[in-house]
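# Observations on the model geometry
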Amino acid sequence: MYSIVSDLLPGFLTQYWLALAFAVLTSLKFLALGVGVGFTAGLGLAIAQLSPSPWLRGPVVALVELIRNTPLLVQLFWIHFALPALTGIGSSPERSAAIGIALSGACYFSEIIRGGIQGVPKGQRDAAAALGLSRWCIWSRIVLPQAVIDTLPALANTVLSFFKATSILSVIAVPELMMTSTRISARTGDPIGVLTLMTLLYIFVGALLTLMLHRVETAFKLRSTR
Amino acid sequence: MKQLGKLLQVMLLSVWAVLAGTGTGSADTLADIKSRGTLRVGMADSTPSQSKDPNSNEWEGFNVDMAKNLAEQLGVKLEIVDASWSTLIPGLLAGQYDIAMCDMFATPKRAQTVAFTTPYMNLGFSWVVRADFPGEDAAALDDPAIRIANLSGSAMGDIIRKLAPRAQVKDVASDNVFSPHLEVASGRADATLSDHYNNTQFLKRNPSVKARILGGDKQFQQTPMAYAVRPDDQPFLNMLNSWIIYNQTTGFSEELRHKWYGF
Amino acid sequence: MRLDLTFLAETWPQLAQGVLATLAITAISFLGALVLGYGLTILRLSGRTGLQRAGNLYVALFRVIPELGVIFWSYYCLPILLGLALSEYTCGILALMAIGAAYASEIFRAGYNALPRGQMDAARALGLGNWQTWRLVLAPQILRRTMPALINCGIDTLKNSTLLAAIGASELAYQAYQIGNATYNYLAPFTFVAIVFFLIIFPLSLLSRHREAALQRQSR
């Protein structure tokens, strides 16, 4: 096994390093999309989940549960085939993947942030209201910042798990790292070497992400304790 | 909580109804292609029949040249739509492209979902066996002690079960065409029946793997490969069948086979 | 596009077998992950730098390698390293255990760190031994606090079990692939998989929400 790896690593690496680099960037692009759009929409969904009105809360909770309780793979199938049929707008793998990962991101982040909001003592909200602060001010300055900072470790975990989840996009033929590696392995006839390198690339990029998230976490914690 | 359950039930049912109710669209694809001016072809990776070069991001292979020829004959532009093996047929049925041009094996079960063309060529297959497998006779594989690996969804599964009905067959559901070879390489399986081109490629690139092709470097099984269109697409299917036979008569298909498969 | 459900009439024994295999694989993997994760947590809280580093490295690694990568490695490389013949089920379960353990360990550690420091001292003052302190005071609290997170960890293990299709373990997703590949009808079997998953996960998810809400009421 080891000799196979060492025999073949250089061959496909010199030939396909650029394609692999682009594949990593594609994975990161979808991660950024899932986290960026997902987190923003997740804030809104989290507040909606806690709304006193059942007409707002019900559908949002149902959506969040539906997405969190079914595999992303099947969701991608649905989005790729059912959505174009419903809306009449054609879909490309990239577009379906973008919708799928953003939707999934929104639901997972919303669930974490909801937990964070519930962890902020309700007295703070009442006190702020008694001081005459506007609702926007209460949420954006008091509740959400605390909810986010309290849940930073969980949010960071979710970012990492979405980094891994980008590999699932390969089922609808998005050329991210997993898909590109499979393609290279089929062309070079060298599945073990290519898959080993792929794993190493995931570890390398994942380690960088972990460090980055750790920095962000410490920075926020420092600010909040000041 | 009870309300929530009800709500979810209704949502699921409506998704189901929508999925079940949507139609396949127009039935005269040939006319659609002409008026659109573009032939849309769905492809999923399988070297060397059709695969995307990771460096150039361009599709290439036998079926890509065939698709170019088809577009030329129709007098329209060619657009290749990316798919994976699991999305290839759903994408065709959802109208994302006009035809799926991949190395597909036409079985009666599959033909109940899509319509297959006349076979466009016969693909060659060979057995890869463990290096210490005794003899060169494939008949020895028909033994309850023998484990044969197969890529789920490939033509091989049905053929293996026919050729070696008593052997244990293990299907692997993966997008990696070399999964069955890895089964043999890791000693989990005694043999696999696969595309001859991929077999020689795998053994050439992995010289330290303890496996070989049974019966020397010869392919033995010729399996017909076909393209698929939507089941209600008879006019387009008629045109495609004539086109395939025409290309076989003129020798165009053979020329391409030499170029991409080397036989 | 059509969603043809007739496949259910013909393939239900295959699908039922898949559901059972999925449940069995998940149960064994998750229990293993809890035990392994517990051990890992002890290493990480042991106060010995070497062990602590090793434990942290393990968790960091498994948090970034895609599950499929771990499964491939466990299937193709582990048997060679160990010199043993391992089935696809053994390798798949080992991989899911290894992944789950990293997450379980994170959860246990967070649960332990959230305990007020005074408790240990109070228990000592009451004359409880190490084992008794752990069993009567700390463990029940950690378990209660981490219950929602542990349920989610179990749900993740269940979802990850679908990836074992790639190494030929005949769980539910594998059966869906097999049916899809045989009939070229993919959407219906995969939708069936989603519905089964929903039916299993949704009650667990409700339980997790319920436990979480109960905890918050208590802590106030």
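Everything numeric in this text was worked out from a predicted model, so none of it was measured.

## A short note on the overall build of chain A
- Within chain A, the regular secondary structure consists of 9 helices and 0 strands.
- Going from the N terminus to the C terminus, chain A shows its helices and strands as α-α-α-α-α-α-α-α-α.
- Referenced to the eigenvectors of the C-alpha coordinate spread, the extents of chain A come out at roughly 70 × 50 × 25 Å.
- Each of the 226 residues in chain A was classed as buried or not, and the buried ones make up 55%.
- Looking at chain A alone, contacts between residues at least 24 apart form 75% of all its contacts between residues at least 6 apart.
- Summed over all atoms, the accessible surface of chain A reaches about 9,700 Å², with 71% contributed by carbon and sulfur.

## Regarding the interface of chain C and chain A
- Facing 32 residues of chain C, the contacting portion of chain A comprises 39 residues.
- Carbon and sulfur atoms make up 65% of the area that chain C and chain A hide from each other, which totals about 3,200 Å².
- When the buried surface of chain C facing chain A is broken down by residue, C:Arg63, C:Val64 and C:Arg209 rank first, second and third, together holding 20% of it.
- Applying the counting rule to chain C against chain A returns 4 salt bridges.
- With its nearest N and O atoms 3.0 Å apart, the salt bridge here joins C:Arg209 to A:Glu111.
- Viewed at the interface, chain A and chain C are joined by 11 residue pairs in polar contact (both at pLDDT 80 or more).
- Of all the secondary structure elements, the ones that give two or more residues to the side of chain C that touches chain A are α2 (49-64), α3 (67-76), α4 (78-82), α7 (130-160) and α9 (187-219) of chain C.
- It is α9(C) that provides the largest number of residues to the side of chain C that touches chain A, a total of 12 residues.
- Broken down by class, the residue content of the side of chain C that touches chain A amounts to 22 nonpolar, 4 polar and 6 charged.

## Observations regarding α7(C)
- Between the first and last C-alpha of α7(C) there are merely 37 Å, a value that for 31 residues lags more than 12% behind the 45 Å anticipated at 1.5 Å per step.
- Where α7(C) bends most, at C:Met147, the angle is about 60°, and the proline C:Pro148 comes one to four residues later.

## Some details on the pattern of salt bridges
- Under the definition given, this model contains 24 salt bridges over all chains.
- One salt bridge connects B:Lys259 with B:Asp65, and the closest N-O pair in it is separated by 2.8 Å. Here B:Lys259, found in helix α9 (residues 252-261), pairs with B:Asp65, found in helix α3 (residues 62-74); they are 194 residues apart in sequence, far enough to count as distant.
- Owing to a relative accessible area of 55%, B:Lys259 belongs among the exposed residues under this scheme.
- Look at B:Asp65 and you get buried, because its relative accessible area is 13%.
- Overlapping salt bridges bring together A:Glu65, A:Arg68, A:Glu111, A:Arg114, C:Arg209 and C:Glu212 as one network.

## So, the nonpolar core
- B:Leu39 and B:Met101 are the most contacted members of the largest nonpolar core, which has 190 residues in total.
- It is helix α5 (residues 88-113) of chain C that contributes the most residues to this core, 12 residues altogether.
- Each of domain 1 (27-121 + 224-261) and domain 2 (123-222) of chain B contributes no fewer than three residues to this core.
- Not counting residues up to four positions away in its chain, the partners in contact with B:Met101 are B:Val41, B:Gly42, B:Met43, B:Gln50, B:Asn63, B:Met66, B:Ala67, B:Leu70, B:Tyr227 and B:Trp243.
- A:Leu45, A:Ala48, A:Val60 and A:Val64 belong to the second-largest nonpolar core, a separate cluster that totals 7 residues.

## Examining the packing of α2(C) against α5(C)
All names here are of chain C.
- Where α2 meets α5, the axes come as close as 9 Å, and the angle between the chain directions of the two elements is 120°. With respect to α5, the element α2 is oriented oblique. The chirality of how α2 crosses α5 is left-handed. On α5, the residues that touch Tyr58, Val59, Phe62 and Arg63 of α2 are Ala98, Ile99, Ala101, Ala102, Tyr103, Ser105 and Glu106.
- For the contact of α2 with α5, the per-class residue count stands at 8 nonpolar, 1 polar and 2 charged.

## Details of the interface of chain A and chain B
- Counting residues at the interface gives 39 residues for chain A, matched by 38 residues for chain B.
- Both sides of the chain A and chain B interface together cover about 3,200 Å² of buried area, and 65% of this is carbon and sulfur.
- Of all residues in chain A, A:Phe81, A:Arg183 and A:Arg187 give up the largest surface area on contact with chain B, accounting jointly for 22% of the area buried on that side.
- A salt bridge links B:Asp45 to A:Arg183; its shortest N-O distance comes to 2.8 Å.
- Counting the contacts that link chain A with chain B gives 10 residue pairs in polar contact (both at pLDDT 80 or more).
- Mapped by element, the contributors of at least two residues to the side of chain A that touches chain B are α1 (2-49), α2 (54-68), α3 (72-87), α8 (177-188) and α9 (191-225) of chain A.
- Sort the elements by how many residues they give to the side of chain A that touches chain B and α8(A) lands first, with 9 residues.
- Residue classes in the side of chain A that touches chain B are distributed as 25 nonpolar, 10 polar and 4 charged.

## Here we look at the environment of A:Pro153
All names here are of chain A.
- Tracing the chain through its elements places Pro153 in helix α7 (residues 152-165).
- For Pro153, a relative accessible area of 37% puts it in the partly exposed group.
- Separated by 27 residues in the primary sequence, Pro153 and Thr180 place their C-alpha atoms 31 Å from one another.
- Ignoring any residue separated from it by four or fewer positions in sequence, one finds Pro153 in contact with Glu217 and Lys221.

## Things to note about the environment of B:Pro165
Residues and elements named next belong to chain B.
- In this fold, Pro165 is placed in the loop between α5 (156-163) and β9 (168-172).
- Considered as a pair, Pro165 and Pro144 are 21 residues apart in the sequence and their alpha carbons are 8.7 Å apart.
- Not counting residues within four places of it along the chain, the set of residues in contact with Pro165 comprises Asp142 and Ile160.

## Some details on the pairing of strand β5 (residues 99-104) of chain B
All names here are of chain B.
- Of all 6 residues in β5, 6 are buried; the element is thus mostly enclosed.
- Side chains Ile99, Met101 and Asp103 of β5 all project onto a buried face; the interleaved residues Ala100, Cys102 and Met104 project onto the opposite face, where all are buried too.
- The sheet contact formed by β5 and strand β12 (residues 221-229) spans 2 bridges and is antiparallel. By the bridge assignment for β12, Ala100 is matched with Ala228.

## Points about the side chain of A:Lys164
- Note that A:Lys164 resides in helix α7.
- Within the local environment of A:Lys164, its side chain forms a polar contact with the side chain of C:Glu67, the two groups lying 3.2 Å apart.
- Those residues in contact with A:Lys164 that lie beyond four places of it in its chain are C:Phe62, C:Arg63, C:Val64, C:Ile65, C:Pro66, C:Glu67 and C:Tyr103.

## Some details on the confidence of the model for chain C
- Per-residue pLDDT for chain C averages 89, and the proportion of residues at 70 or more is 97%.
- Within chain C, the lowest mean pLDDT, 80, falls on α4(C), and the highest, 94, falls on α5(C).

## Describing the packing of aromatic side chains
- Scanning the entire structure with this criterion turns up 19 aromatic pairs over all chains.
- For the ring pair A:Phe109 and A:Phe162, a centre distance of 6.3 Å and an interplane angle of 15° mean the geometry is stacked. Note that A:Phe109 is positioned in helix α4 (residues 93-119) and A:Phe162 in helix α7, a separation of 53 residues in sequence. When sorted by exposure, A:Phe109 lands in the same class as A:Phe162, which is buried.
- Between B:Tyr120 and B:Tyr227, the aromatic rings sit 4.2 Å apart at their centres with planes inclined by 10°, giving stacked as the arrangement.

Definitions and cut-offs
- Residues numbered from 1 in each chain as written.
- Chains lettered and ligands numbered in written order.
- Predicted model: local features only at pLDDT ≥ 70, side-chain atom pairs only at ≥ 80, totals over all residues.
- Heavy atoms only, no water.
- Helix = DSSP H or I, 4+ residues; strand = E, 2+ residues; numbered from the N terminus.
- Buried < 20%, exposed > 50% of the residue type's maximum accessible area, 1.4 Å probe, protein only.
- Contact = heavy atoms within 4.5 Å.
- Areas by Shrake-Rupley, 256 points an atom, 1.4 Å probe, with all protein chains shown as cover.
- Buried area = accessible area lost by both parts, 1.4 Å probe.
- Salt bridge = Lys/Arg side-chain N within 4 Å of Asp/Glu carboxyl O.
- Polar contact = N/O pair within 3.5 Å; in protein donor to acceptor, adjacent residues only side chain to side chain.
- Nonpolar A, V, L, I, M, F, W, Y, C, P; charged D, E, K, R; others polar.
- Expected span 1.5 Å × (residues − 1).
- Bend = angle between axes of the 7 residues up to and from the residue.
- Core = buried A, V, L, I, M, F, W, Y, C linked by side-chain atoms within 4.5 Å.
- Domains from an automatic or database assignment.
- Axes fitted to C-alpha atoms, helices over the stretch in contact; angles between N-to-C directions.
- Parallel < 35°, antiparallel > 145°, perpendicular 65-115°, else oblique.
- Left-handed = near helix turned anticlockwise from the far one by under 90°.
- Pairing = 2+ DSSP bridges.
- pLDDT = per-residue confidence, 0-100.
- Phe/Tyr/Trp six-rings, centres within 6.5 Å; stacked < 30°, edge-to-face > 60°.

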